[in-house]
Amino acid sequence: MKDLVSKINAEFEIFKTESESLIEKGVKAAGTRARKSSLELEKLFKEFRKVSVEAAKK
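Rules used throughout
- Residues numbered from 1 in each chain as written.
- Predicted model: local features only at pLDDT ≥ 70, side-chain atom pairs only at ≥ 80, totals over all residues.
- Heavy atoms only, no water.
- Phe/Tyr/Trp six-rings, centres within 6.5 Å; stacked < 30°, edge-to-face > 60°.
- Helix = DSSP H or I, 4+ residues; strand = E, 2+ residues; numbered from the N terminus.
- Buried < 20%, exposed > 50% of the residue type's maximum accessible area, 1.4 Å probe, protein only.
- Expected span 1.5 Å × (residues − 1).
- Contact = heavy atoms within 4.5 Å.
- Salt bridge = Lys/Arg side-chain N within 4 Å of Asp/Glu carboxyl O.

I tried to follow the packing of aromatic side chains on my own but got confused; where do I start?
Aromatic rings considered in pairs are described by the distance between their centres and by the relative angle of their planes. In this structure the tally under the stated criterion is one aromatic pair. Between Phe12 and Phe15 the ring centres are 6.2 Å apart and the planes differ by 40 degrees, which places this aromatic pair in the tilted class. Taken as a pair, Phe12 and Phe15 lie in helix α1 (residues 2-25) at a separation of three residues, close to a single helical turn. Look at Phe15 and you get partly exposed, because its relative accessible area is 26%.

Structural data, given as structure tokens:
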């Protein structure tokens, strides 16, 4: 689970950087990268939810 949390943190940093570039600098390509990152975060959060439920059952 630690590996999964590390992946979530890394992807969130990517999202944060790209979204700030979009908002502050107006870089349109950063918006695309931020949206892609948000989809990856969604997948990782679903996996985390699955893993944490399994861990709680033990």
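Help me out: how do you make sense of helix α2 (residues 28-57) in this one?
Two residues of an α-helix separated by three or four positions point the same way, owing to the 3.6 residues in each turn. Under the 1.5 Å per step criterion, the end-to-end length of α2 is 44 Å for 30 residues, consistent within 8% with the ideal 44 Å. Elements that come into contact with the buried residues of α2 comprise α1.

Please explain the pattern of salt bridges as it appears in this structure.
Note that side chains of opposite charge can pair when their charged atoms are close. Summed over all chains, the structure comprises three salt bridges. For Lys7, the salt bridge is made with Asp3, and the minimal N-O distance between the two is 3.9 Å. Taken as a pair, Lys7 and Asp3 lie in helix α1 at a separation of four residues, close to a single helical turn. The exposure class assigned to Lys7 is partly exposed, which follows from its relative accessible area of 44%.

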